Structures are given as structure tokens and as C-alpha cells.
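Below, each chain spelled out in residue letters.
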Amino acid sequence: MQAKRILPFFVSLLFFTITGCGGGGGSSSNPGNPDPNPVDPGPQNRELQVTVSGLVAELTVTWQGQTIVLNPDRLSTNVEAPGPAGGAPEYSGPQYQNCSDYELVETDNGYNLTITCAEPDPLQLRVTIAGLQGELGVQWFDQNRSYDGDITGALIESRPGVLVEPSITAMPALQNCAGEFVATDQPLAFTYNIECTERVVTHHIVIDAALPYPVTLALADQEPIVIQQESVRFPTGSSPLDTVSITAVGGTQRCELDRQVPGENRDEQHWSLSCREYLVYGDPRAENPGIYLTYGNGEKFLLESGDPGSYAVDTYTSLDKQAVLHPDFGARILEFSDSGVSWRPMDQIPAGTIFQTLFTDNVAYMAIVSQRADGPFYHVWSIGSNLETREVTTNSDENGHVRLIPVSPRADIVGIDYLFLSNRFVRISASGQETDTATTVEPGGEVHAIKTPPFQGQRLSWIFRANETTGRLDANFFGSPQTVPDFHPDAQANVAVWYDDAGNERVLLLGAGVGGPDQPRQLVELDLLLELAWTVPLDLPVPQSVGYMGTDERGQTLVITRGDDDLEDGLALLATTTGPVDLDALSRAVGITGQLRVRPEERENAGGIYRTAQAYKGWLLLFEGGATGNVWLTDGSAAHTWKIDEGVAWTAFRGGAYNLVAAGATMAAVSYERAGTQMLALPGVSGGGIATD
């Protein structure tokens, strides 16, 4: 029903000014005389009163420069505006609701506007879904619909008064569904076309702190990725159902990978990776002697009770499995569970004493001696990928003292190793078995064997060996007639391979006579860029007079001593895979005030007794002081440098009273004797019993 229209809307109203009629002047006693100073009352406020009924959306009123928005929760309002009478109000209603029925009444000080809105026009939405595998929810205004399969043209009708696009409120966990809202030829009809596809997410691996060792992760058919220092993600998206798995764990650590609850971003799946480093060692002086495994927080597990005989334990990791090698207990496999950790014997490994181990990038080798009726029997076994064991070679000769010497601290680019067994070098295939005898070396004398970086398209396998006739060090190649020009080092020279901060394989030699018989003892490096030549490494700051040199078995730690120090065996250079260590800065950081010295390892060859420095798995024991001092352990960083003991005699340290028997990335085990009592320090382990605890 149309209301009565008092004044037409959207047109200007006519305002009349009412004025008084003329007459005589005066005051009230004399009205004929006007007031000479009349008071101007000023402009009067105008008022607009608006009332709306039937409104389902928003309606906007404009008047005197003001904008008033009404909605179903606010159907009336009063608005004031200063000044004289102005134009009539204007308004606009919802897009799909007719609000043209109004009544506008002018009052003494403004307007009363009454608006009546009709029922909204019906809007129609037709929904089409393709590719749906599960349940999908759609909301359009107050209408909520659920669908469980593909449909074409499902109708949703509503009377909202305004137009808002529909939304998807739920979709299958393994799908992404997106809709397109389209207007049709009919003004009140629309379509919503939804397409569902397989959901693809980016898998993120999150770590709270750097891991002790690298961890290799796999996802579906993507290339594996390695994580250690910071969080990573797989470069290619995949299904949210795909599982990230740990395929390889470096070093002695137990790792757990947990799928996180999906967050608001459906395009990402987060995984939490945490690893706990552990250390395995023998402890014959414990209340319950045996082989122990301990974590950094001091949590400890007894793997096997009984006198271990030796503190020293070697560990080997392949893929996600760990093996423990002990001279008396043999080769065992660690097995972790929620309740703890245990170990079991490895299959096929014969009974006997493991008297030497050797590790390359891909294989662990064990030299085992078994006692038989006819005498000792020597075996060499390998532990390869996934802890698969193989017998490499045997030697029943009781005089054939088997020695394992790596041709290279790192594996060959084609996965082939050379080992020195007794008086011969053997070639080991990638599968860990002997393939042939590469060369035979006469018994006696010290043998150094390394493998150089690529040179002229091949990796040259070298043998450095003391020549009993000349008293000098010979250098020979496997399978190559080449010789090194002007190479005549003395038999007491040290040969080492060290990997610098750029990952370069550096072949170093410290000795006299490199360029000729009269050349002094110096540090030189094999230059393979242009030709086989020995040059002085300018990036290694060593004094003019140098003593001896050595590395650990993996080429991680390089140690060089002074040659003219007042104190023998003084440390001149310590370099790790991050480069040379600033010894002065390290000493200041941890409180070392005296001169640092290393314990030499003495060996004998055709040239007589010579010394070498021996680090262990990236760690080095140091002595601070003169005749009496302190024992320290370091990996070259202040964070991992600990004082092991105080008031120690240099002769005791030099004589081997302190030994590094097990080592990881951030913790180690050092055995020593104090006042006739065997002690064990575990630096890096909470409550490890070191002098700085």
C-alpha cells in the first residue's frame, strides 16, 4: 500500500521566510520606537527523523552533508544539522529490495521520513560441482547446503536484498575445491561453478636448533634432501597423505619425525624433526661395569654388563641404522624403542677380537683375529649400506699382521676403496669385497696411502712409503708410471689429507727435502691445478720452523706443531673444516693462559723414529703448561672446549695417561688415571664429571 506523499521526494522544498509588518516605533510603552540594538538569535538546528520498516539489508540516507546507514538492526534514527532550512533528504535502498514507498513530512524544524520496504526479490543460485570426492559445504546468505558428489545446476534460492558471493565452508581433506561466481542473462539468477582437484601441499621440515649430524629425508618420488643447520622444505608439492621419512642419519643420533596438525594454510604440511645425540663407551670402573649409551642430558642405558676390558668403542651409521664395534663384544646393532635402547649381535660376523677398524664414507672395515688350533686366523669384514656385512679377505698366515690403511679418508667417486692388508694393497669394490690385488709392497716400513683429488680426468691413488735403501719417502701411483718431479722428502715426513672450509681435498706434506736433498723441513701442498707440483700453502699460518703434522682419520682436523719452541710439542696450527682456528681467541674465551701442547704419536720406519699428531673424529686433547698443567679437549670451538683435569704432569699426558675413547659431534669420552684410580670424563654430557662441571 502506497503511503500518502506530503512532499515529493528527491526535489527541493520551498522554504518561506516569515517577516513582521511595519507600524509605529518605540518600546513596549512606545511600540512605535524600534530597539536600536536587536539581538540576532542565530541559525536554528534542523532535525531529520528517519523510520524504516521491512528492511533486510542496508539503506543509505544523505542529508545536509551527512550520510546515515540503516540496517535491520537500526531501523530508525534522528539526525541534527545546523543552519537554515536546506534540501530534502535522499536515500538509496538495497540492490535487490524495493524501498520506493516513502512519506516525507516537513516539520517546524526539519523533516520526518518514513520508508516502507517491500519483500526482497528472490535470487537464484545454481551450483555445479565437478571432481568432488567426499563432502563439500556451500553457504549463500543464510542457506547452507552439503554435497557429496558431482552435481549440475543444484538450485539455492534466497531473498537477501543484496548480492554476496557464495563461499565453500568445507571440502575433503585430500582435495582443494574452488568456485567461480558468474552472473547469467537473467538479472536475478547466478551460477557457482566448483571444481575439485587433488590437494597438493608443500612439506616443510622444521627444526628448533641445528642437528648434531646431517639427516637425509625422502618424500614420494622427489629427490632426497639433507637437513642439519636450519629448517627446509621439499621443492615440489605433493599429496598431504604422502609421508616424509628418514632414510639416512649421520653419526650417533636418534631422530624422530612427527607430522604436525595442519594449520590454517591448507597449502602447507609441517613436520617437526628432533634428534638426540648419544655416545657409546665402555666403563669398566662403573658400579655395574659394561657398555653404556648416554644422551647429552645424562640419561644413560646399560647395553650389556660385564667387564668391557676397554673404554674404546667405535660406532658406524648406515642409512638409519647404527652399529657398535667393540674389541671384545664384537659387532652389534643398536635397537631403539620407546622404553629405551638395546643391542644384538650382527649376523655372520665371526667370533674373535676386533683389533682394528677403518671407516670410509660408505663402508666400515673390521680386522678380526680368531684363535684356532693351528694359530691365529685373520679376517677383514666390511659393513656397508643398511649394515650389510661381507667378508673382504682372509689371511691365515700367523706372520701376516693385517693392517688397515685407507687410500683416502673419503670414498672413491666410483665407490672403490683400497686397503693395505699385511704386505699388499687390495682393491675393494663398491659392494665391499676384494676384487683384485692392486700391488704388493715388501714387508716392513711405514706406509702412507692417500687418494688425490681429480687430476687430468682421473683420481690417482698414491702410496707414500719409506725407502729402506735411500732413507727417503717414495711416492708411487696405482696404475700409473708417473712420478712426482723433484720429490725427495725424508722418511720422517708427514703426509696428510685435510678438507678445508670450501670442501677442497688438500694433500699436505711436512718434511725436509721436498724440492731436493738440501731443502729444509717445511709445509707444502700438492698443486693439482696445472701439474703435479708442491707449493707452500699461503692460507695456513705456520711458523718458519715446524715440527710434525697429523690429522684425524676423516681429514676433519689438521694439527701442526712448532719446531723451535722452548717447550717441545707446542701447538702451532689447529685447523678444522671451518678453517684455521684462532688459538689466541679460543684461549681467551675458555680461560687458557699457558702454552698449548699436543701429545705426539711415535712411529718407526726405515728412517728411524718419527712423530705424528693424532686427532680423533674431529677432536684433540691438549696440554696447557710446562712440567705441570691442565688437560683440555676441543673441537676448535669455544662452545666445545672443556678442561678435563688439573694439576697433571706433562710426562703423564705425553705418556698416554689421557685417551679420547669415544667422540660424537658435541660430546666425547675421555679415560684417564688420577691417583691410581681409573676415571672417565664425559664432556658435553650433563654431569659428565669434568673439571669445569
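Provided above is the structure to which this section pertains.
Numbers given for residues are sequential positions, taken from 1 along each chain in its written order. Confidence filtering applies because this is a predicted model: local features only for residues at pLDDT of at least 70, side-chain atom pairs given and counted only at 80 or more, and all residues used for totals across whole chains, interfaces and linings. Side-chain metrics in this entry use all non-hydrogen atoms of the structure; hydrogen atoms and water are not considered.

A.B. asks: Tell me what's going on with the overall build of the protein chain, and back it up with residues and numbers.
C.D. replies: Looking only at helices and strands, the protein chain has two helices and 54 strands in total. The buried share of the protein chain, reckoned over its 693 residues, is 46%. Contacts spanning at least 24 positions in sequence make up 51% of the contacts within the protein chain whose residues lie at least 6 apart. Residue-level accessible areas treat just the shown protein chains as cover; the underlying method is Shrake-Rupley with a 1.4 Å probe. Accessible surface, the protein chain: about 33,400 Å² in total, of which carbon and sulfur atoms supply 46%. A run of H or I in DSSP counts as a helix once it spans at least four residues, and a run of E counts as a strand once it spans at least two, with each numbered from the N terminus. Classification of residues uses two cut-offs on accessible area relative to the type maximum, computed with a 1.4 Å probe and protein chains only: under 20% is buried, over 50% is exposed, and between them is partly exposed. We call two residues in contact when some of their heavy atoms are within 4.5 Å.

A.B. asks: Residue-level account of the packing of aromatic side chains, with values.
C.D. replies: Any two of the Phe, Tyr and Trp rings considered here, Trp counted by its six-membered ring, make a pair once their centres fall within 6.5 Å; the pair's planes then place it as stacked at under 30 degrees, edge-to-face at over 60, or tilted in between. Under the criterion given, the structure shown has 14 aromatic pairs. Their ring planes at 20° and their centres at 6.3 Å tell us that Y281 and Y292 sit as a pair that is stacked. A residue pair is termed long-range when its members are at least 10 positions apart, and Y281 in strand β21 (residues 268-283) and Y292 in strand β22 (residues 290-295) qualify at eleven residues. In terms of burial, Y281 and Y292 fall into one category: buried. Taking 6.3 Å as the distance between ring centres and 90° as the angle between the ring planes, the aromatic pair formed by Y295 and F301 counts as edge-to-face. Among the residues examined, Y295 registers a relative accessible area of 3% and is labelled buried. An aromatic cluster is defined as three or more aromatic residues linked by ring pairs; in this entry it consists of F623, W650, F653, Y658 and Y672. Seen from the ring of W343, R332 lies directly overhead, with NZ or CZ sitting 4.8 Å from the centre. Here the guanidinium or amino end of R597 rests over the ring plane of W650, the centre of that ring lying 3.7 Å away. Only when the NZ atom of a Lys or the CZ atom of an Arg is both within 6 Å of the ring centre and within 35 degrees of the ring normal do we say a charge sits over the ring.

A.B. asks: Tell me about helix α1 (residues 583-590), and name the residues and values.
C.D. replies: Those residues of α1 that fall on the buried side of the exposure criterion are L583, L586 and S587. When α1 is viewed along its axis, its buried side chains cluster within an angular range of 100° and face the same direction. Pointing more than 90 degrees away from the buried face of α1 are the exposed residues D584, R588 and A589. Where α1 is buried, its residues touch β44 (571-576), β46 (596-597), β50 (628-634) and β51 (641-649). At the N-terminal boundary of α1, the capping side chain belongs to D582, with an oxygen 3.2 Å from the backbone nitrogen of D584. Read the arc as the range of directions from the helix axis to the C-beta atoms. Counted as a polar contact is a pair of N or O atoms within 3.5 Å, where, for protein atoms, one must be capable of donating a hydrogen and the other of accepting one, and residues adjacent in sequence contribute only when both atoms are in side chains.

A.B. asks: Which residues make up the state of the cysteines, and what values do they have?
C.D. replies: By disulfide we mean two sulfur atoms from cysteines, separated by a distance within 2.5 Å. For the structure shown, the criterion picks out three disulfides. Here C99 is linked by a disulfide to C117, with a sulfur-sulfur distance of 2.0 Å. Since a negative S-S torsion denotes a left-handed disulfide, the C99-C117 link at about 115° is right-handed. Placement of the pair is C99 in the loop between β5 (90-92) and β6 (101-107) and C117 in the loop between β7 (110-116) and β8 (123-130), with a sequence separation of 18 residues. Between C255 and C275 runs a disulfide, and the two sulfur atoms are separated by 2.1 Å. The disulfide joining C255 to C275 has a torsion of about 110° about its S-S bond and is therefore right-handed. One end of the pair, C255, is in strand β20 (residues 253-259); the other, C275, is in strand β21, and 20 residues separate them in sequence. For the residue pair C255 and C275, the accessibility class agrees, reading buried in each case. Counting only the cysteines that form disulfides, in the order they appear in the protein chain, gives the pairing 1-2, 3-4, 5-6.

A.B. asks: How would you sum up the pattern of salt bridges? Please name residues and give values.
C.D. replies: Any carboxyl oxygen of Asp or Glu within 4 Å of a side-chain nitrogen of Lys or Arg constitutes a salt bridge here. Within this structure, the stated rule accounts for 18 salt bridges. Measuring nitrogen to oxygen at the nearest pair gives 3.4 Å for the salt bridge that ties R654 to D569. Here D569 lies in the loop between β43 (558-562) and β44 and R654 lies in helix α2 (residues 650-654), a separation of 85 residues in the sequence. Exposure remark for R654: the relative accessible area of 25% places this residue in the partly exposed category. Among the residues examined, D569 registers a relative accessible area of 3% and is labelled buried.

A.B. asks: Requested: an account of the sheet that holds strand β27 (residues 340-345), with residues and values cited.
C.D. replies: The strand order across the open sheet built from four strands is β24-β25-β26-β27, with neighbouring strands paired in antiparallel fashion. Each edge of the open sheet is held by one strand with a lone partner, namely β24 (314-318) and β27. Between one strand axis and the next, the sheet turns through 30° on average, direction left out of account. Where strand β26 (residues 330-337) lies against β27, six bridges are found, and the strand directions are antiparallel. The residue bridging L334 from the neighbouring strand is W343, located in β27. At least two bridges found by DSSP between two strands are what make those strands a pair. In this description, a line fitted to the C-alpha atoms serves as the axis of each element, helices being fitted only across the stretch in contact, and the angle between N-to-C directions of two axes falls anywhere from 0 to 180 degrees.

A.B. asks: Before we move on, could you go through the pairing of strand β38 (residues 494-499) and cite the residues and values that matter?
C.D. replies: Buried residues dominate β38, accounting for six of its six residues. Side chains of β38 alternate between two faces, with N494, A496 and W498 and V495, V497 and Y499 buried alike. Of the strand pairs in this sheet, β38 and strand β39 (residues 505-511) are connected by six bridges, and their pairing is antiparallel. Residue pairing in the sheet places N494 in a bridge with L510 of β39. Hairpin connection, β38 to β39: the antiparallel pair is bridged by five residues, and G503 has positive phi, about 80°.

A.B. asks: Now, about the environment of D73: what can you tell me, with residues and values included?
C.D. replies: With respect to the helices, strands and loops of the structure, D73 is situated in the loop between β3 (66-70) and β4 (76-81). The spatial distance from the C-alpha of D73 to the C-alpha of A57 is 9.5 Å, given a sequence separation of 16 residues.

A.B. asks: If you had to explain the pairing of β50 to someone new, which residues and values would you point to?
C.D. replies: Counted residue by residue, β50 has six buried out of seven residues, so it is predominantly covered. Looking at chain direction, strand β49 (residues 620-625) and β50 are connected through six bridges and run antiparallel. Bridged to L621 within β50 is L633. Between the antiparallel neighbours β49 and β50 lie two residues. Here β50 pairs with β51 via six bridges, running antiparallel. Paired with W632 across the strands is K643, a residue of β51. Where β50 hands over to β51, the hairpin turn is made up of six residues, of which G636 adopts a positive phi near 100°.

A.B. asks: Could you give an account of the sheet that holds β5, with specific residues and numbers?
C.D. replies: Spatially, three strands are ordered β3-β2-β5 in an open sheet, and the strand pairing comes out antiparallel. Across the chains shown, the open sheet's two edge strands, defined by having one partner strand only, are β3 and β5. Geometrically, the sheet is characterised by an average inter-axis angle of 20° between neighbouring strands, direction not taken into account. As defined by bridge partners, strand β2 (residues 59-63) adjoins β3 across five bridges and the pair is classed as antiparallel. The residue bridging V61 from the neighbouring strand is I68, located in β3.

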